[in-house]
Amino acid sequence: MTETEYQHPLMAAYWKQLDTRFPKVEEVFEDVMAEALSVLTREGLDAYLEAGRVIGKLGRGEEPMLAFLEEWPSAAKAVGESALPAVMALIQRMQKSPNGRAIAPFLQTLAPVARRLQTQEQLQLYLDITLDFMERTTGSIHGHHTTFPSPGLPEFLAQAPNLLSQLSLAGLKNWVEYGIRNYGTHPERQKDFFSLQSADSRAVLQRERHGTLLADVEHKLDLYLRGLWQDGDHLVPYSTAFDEIRKPIPYYDKLGIRLPDVYDDFTPPVGCIPCTKSGAHSAPYEGESQRIPGIDRYRAVLAHIVGHRRWSEAQIADNWSPFQRMAVEFFEDCRIETLLIREYPGLRRLFLALHPKPLEGACDPETTSCLRHRMAMLSRALLETAGAQSAPYDASESSRRVRFAHRPDHSSHGYADPALREFVERFHEVMAQGESSTSEIAALALSYVAKTRRQSDQLAKIHFADTVVDYRDDNRQLWKFIESGDEEEAFDEKRKIEPGEEIQGLPPRHYPEWDYSSQTYRPDWASVYAALHPSGNPADIDRLLAKHSALAKQLKKMLDLLKPQDKVRIRYQEEGSELDLDVAIRSLIDFKGGATPDPRINMSHKTSGRDIAVLLLLDLSESLNEKAAGSDQTILELSQEAVSLLAWAIEKLGDSFAIAGFHSNTRHDVRYLHIKGYGEHFNDDVKARLAAMEAGYSTRMGAAMRHAAHYLGARPADKKLMLILTDGMPSDVDVHDERLLIEDARQAVKELDQQGIFPYCINLDPKADEYVGDIFGRQYTVIDRIERLPERLPQLFMALTK
C-alpha cells in the first residue's frame, strides 16, 4: 500500500512505523488504527506500534501480529495502556523458550481476559500464573535445557476467558496448581486437563467455583448504588489471594470503588446474629445455616462506602498518633452506619450479622495490646444500640433534630465495662442532635482514648481476634496531611486523540465463535468491520424494477391484502371515544320498556398495523459471481433483482426494514456493509448502494448474524425477522474443519432465538439439504431454480409475515 492510498494524513507514517509487509495486516490496518486512536494516548500509540513491530519480527507469521493489533486497544481500555510492558515481557519469555506457538493464543484471549480482570494489578497476577505454568511444564531432554514446549499452555490460554468467567484468580491459581502437580509429566493428560476435556479437570473446576464473583453481579450492584443511594462509580476488583502478609481492604479513590474479586457466603459465628426479644433470629438471615450471600456482603461494603462519601469530611492527621487515628476511624464508622440505618433500618441486621462480637475478657492487658479489642467491643455495642437510639426524626422541627428519648439498653450488647457504657451513651447523645459531624465524633473518640489509655497499649503483641470488620473500608479518605508528598496520586486523564488525528470509520466489533469440539466459545474471535456500502448508479435499479413490472403488478395485489387498515372499530364499550348509535338506540328501547339497558353504548377505535422489523442479510461471497444454472445471469445479478423487488414490496407495506451484505477474509476481516438503514426510505441513495453490489471472499455467517442481531435486536417491534440469503455453507480460508463454521452458525441461530429474533434462510445451493437443516432447523427454504429468485423472494417474505 503506497502512502498516497491513505485518506488520513498520518496513516502512512503509522504504517511505516509498524514496518511490516504482511498482506492481511495491510488490509485491516486502517480499521484497527481507528480503534487505537480513539483509545490510546500519543505515548500509548507509539508503544502500541512498536510492540506490533516487535511481534511481527518474531518469525511467528502474521497471526500473532493481527491478534495483537486487534486485541490490545480494548485490553488497554480495560486495564490501562501502562500494562503493555508486562505483556511484552511475557511474550519475550515465550519467544526465548520452546513455547513460541503459545504467543498467538495468548494474544487472542488477552482482551476478554483484561475486560474480566479490569485492573493492571489483576492482569499482572494472571501473567504471573501463566509464566509459572510455562516454566514448570516446559520439558527438557537431559534436565538442563528446555527443549519441549509446554503441552497444556496453549490449551490453558485458549480457555482462560471461560475459566475467569467462573473462577476468581485464587480459584484459577488452585486449578492450575492441581493440573501441574498431577499431570506435569503426562503430556496428553495435561492437554486434556487444561482444555477441560477430562472429568478430573471439570471436577476440580467445580470445586474451585465458590462465592460470588464481582464480575457476575457488577450490574446488579450498579443498580443498587444508583437506585438506593443515588450514587454511581466504577467498581474495580482486586484479588485477596496473593497478598499473604497484609490482605487488601476495600477503599475508594478517583478511579472508582475497589472491591474483592470474590466474596464467599458468610456464616456468622454463634452470637453474632441479631435476635428478637424472644431469642429467635431475625430475618432476612433465617434458617439453619444463617448464611449471608456474597452479594449481600458487597451491598454492605458499598453502603458503608457511600455513607463515607456522603457524610465524612477529611481531618488533618499530622498531629494525631496512630492510636488516636484508629479510634477516630472506629467512631466515624459507627456514626456512618448509624446514619445508614436511619435511612434503611434493615441494614442493621446485615451489619450486625457481619460485625464480629468480641468476648469481653478475651484479651489479657498484662501481656497484649488490647486497644483494637476495646474499640471492636465499643463498635459492636454502638451498632447493637443503633436501631432504637437513632430514630425517630422530629418532622416538626425545621432542622430535623432527633430526640434522644431514653438511655441505651445495655443489655442488648451485654458488655459490663463502665467506660464502654459511658461512651455508648455519650455517642447516642451526640447522634440524637442530628447527623453530627466527623470533627465532633473525632473529639469524642479522642476523649475515649484519653480515658481508657493503658501502658500495655504500646506492646508489640496486638490482639486481633474478632476485631476485623471486613465490610468497612480502610478509611484512607478520612485523612489529609498538611505536608503534601509524592504519595498523593494524580488521576488527570490524558487526551486520547490529538487535534487533527480523527479518523473516519467505526472500530471493529469483536464477537465470540463457537468451538463445537470443546463446547465453549472462543472469545473475541471474529473481528467485524461495519461500513457504508459504496454507491453506484441508482438508475440501474430502476431499470431492473421496470424489467419486472408484470411481476410487480402481481405483487401489488398481494400487498393490498396484507396492508393494515388504519382504523378498526371496537364496539360495546362502557367508555369510548364516541357513541355507538345502534347500541344506544337499543338500550333506550330497553329502558323505555322497563328492561335493564345495556350500558356499553360507546365505541372506540384502534390502529390495526403490522409491527414488524426486518433485516435482510446478503451473502456477498465470491461464489455469487458464478453463472446460475439455466440462466445467462450470475447469482449476484439475480440476487440484486430479487432484493430490489423485495425492498420495493416492503416499502409499499410500510414495514421497518434494513439491508446489509457481508463477506469475510479470515476471522480477522469480516466485512459488514450497510446498504439500507431502518431510518431510510427505498430512495436513490439506497438504490445506488444496491446497484454497486459486488461479490468476493468467503462466508463467515455466524459473525455476520451476530452483528446483524446487534441492530435488529434494538428495534421496538413485536416481531423481528432476519432473512439470510446465501448460496452455500459457511466457510472461510482460515478454517479447515468444515463443521466448525456450520456449528458456529447453528449456535448463532440459537442466540437469535433467545433474543426474540426469528431467523429464516433462503438458500440457493442445490446441495443445501445436506447442511442447512443442521443450522436453521426447519426455518429455511431451498430455491433450486435460481432464475426464479426475483419472483420467489418477495413471495416468501409475504408468506412469513402474514
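Bear in mind that the values here come from a model prediction, so they are computed numbers and not experimental data. (Residues numbered from 1 in each chain as written. Predicted model: local features only at pLDDT ≥ 70, side-chain atom pairs only at ≥ 80, totals over all residues. Heavy atoms only, no water.)

Section: the pattern of salt bridges
Oppositely charged side chains may form a pair once their charged atoms are brought near each other. Cut-off, in case you're wondering: Should a side-chain nitrogen of Lys or Arg be within 4 Å of a carboxyl oxygen of Asp or Glu, the pair is scored as a salt bridge. Here a strand is any run of E in DSSP of at least two residues, a helix any run of H or I of at least four, and the numbering for each starts at the N terminus.
Scanning the entire structure with this criterion turns up 46 salt bridges. Its salt-bridge partner being Arg116, residue Asp216 comes within 2.8 Å of it at the nearest N-O pair. A residue pair is termed long-range when its members are at least 10 positions apart, and Asp216 in helix α13 (residues 214-229) and Arg116 in helix α7 (residues 110-117) qualify at 100 residues. Salt bridges here are not isolated pairs; linked through shared partners, they connect Glu513, Arg700, Asp732 and Asp734.

Describing the side chain of Lys687
Cut-off, in case you're wondering: Only protein chains enter the accessibility calculation, which uses a 1.4 Å probe; a residue whose area is less than 20% of its type maximum is buried, one above 50% is exposed, and one in between is partly exposed. Residues are treated as being in contact if the distance between any of their heavy atoms lies within 4.5 Å.
Along the polypeptide, Lys687 turns up in helix α25 (residues 684-691). By relative accessible area, Lys687 is classed as buried at 13%. Those residues in contact with Lys687, other than ones at most four positions away along the chain, are Pro538, Ile541, Asp542 and Phe682.

Focus: the confidence of the model for the protein
As a reminder, the rule being used: pLDDT expresses, on a scale from 0 to 100, how confident the predictor is about each individual residue.
Mean pLDDT for the protein: 84, with 86% of residues reaching 70 or above. Note that pLDDT drops below 50 for residues 273-284; the model gives that stretch 16 contacts with residues more than four away or on any other chain.

As for the environment of Met134
Inspection of the secondary structure assignment puts Met134 in helix α8 (residues 120-137). Separated by 35 residues in sequence, Met134 and Asn99 have C-alpha atoms that sit 7.8 Å apart. Leave out the neighbours within four places in its chain, and Met134 touches Arg93, Met94, Ser97, Asn99 and Leu153.

Quick notes on the packing of aromatic side chains
Inclusion rule: The pairing test for Phe, Tyr and Trp rings, Trp by its six-membered ring, is centres within 6.5 Å, and the orientation test on the planes gives stacked under 30 degrees, edge-to-face over 60, and tilted for anything in between. We count a charge as sitting over a ring when the NZ of a lysine or the CZ of an arginine lies within 6 Å of the ring centre and within 35 degrees of the ring normal.
Under the criterion given, the structure shown has 21 aromatic pairs. Note on Phe156 and Phe194: the rings are 6.4 Å apart at their centroids and 85° apart in plane angle, and the pair reads as edge-to-face. Of the two residues, Phe156 sits in helix α9 (residues 153-164) while Phe194 sits in helix α11 (residues 187-194), which places them 38 residues apart along the sequence. Through pairs of rings, three or more aromatic residues link up here, namely Tyr126, Phe133, Phe156, Trp175, Tyr178, Tyr183, Phe193 and Phe194. Above the face of the Trp525 ring, Arg522 is positioned so that its terminal group lies 4.8 Å from the ring centre. Above the plane of the ring of Phe657 lies Lys676, whose end atom (NZ or CZ) is 3.9 Å from the centre.

Focus on the state of the cysteines
Put simply, the rule reads: Criterion for a disulfide: a pair of cysteine sulfur atoms within 2.5 Å.
Following the criterion strictly, the structure yields 1 disulfide and no others. The partner cysteine of Cys363 in its disulfide is Cys370, sulfur to sulfur 1.9 Å. Handedness of the Cys363-Cys370 disulfide follows from its S-S torsion of about -85°: it is left-handed. The same class applies to Cys363 and to Cys370, which are both buried.

With respect to the sheet that holds strand β10 (residues 509-515)
Where we set the bar: One bridge is not enough; two strands pair if DSSP finds at least two bridges between them. Angles here are taken between N-to-C directions and fall from 0 to 180 degrees, while the axes themselves are lines fitted to C-alpha atoms, restricted in helices to the stretch in contact.
Across the sheet, 8 strands lie side by side as β10-β11-β17-β16-β15-β18-β19-β20; this open sheet has mixed pairing. Here the strands that pair on one side only, and so sit at the sheet edges, are β10 and β20 (780-782). Going across the sheet, the axis of each strand differs from the next one's by a mean of 25°, ignoring polarity. Sheet topology note: the strand β19 (residues 757-763)/β20 ladder contains 3 bridges and is parallel. Paired with Cys761 across the two strands is Tyr780, which belongs to β20.

Examining the side chain of Ser312
Definition in use: The term polar contact refers here to a pair of N or O atoms within 3.5 Å; inside protein, the definition further demands a hydrogen-donor-capable atom paired with an acceptor-capable atom, and it admits residues adjacent in sequence only when both atoms are side-chain atoms.
Along the chain, Ser312 falls in the loop between α14 (294-311) and β8 (315-316). Among the polar contacts listed, one links the side chain of Ser312 to the side chain of His308, at a separation of 2.8 Å. In this structure the side chain of Ser312 is engaged in a polar contact, spanning 2.7 Å, whose partner is the side chain of Glu332. In this structure Ser312 touches Gly307, Glu332, Arg335, Ile336, Thr438 and Leu478, once residues within four positions along its chain are discounted.

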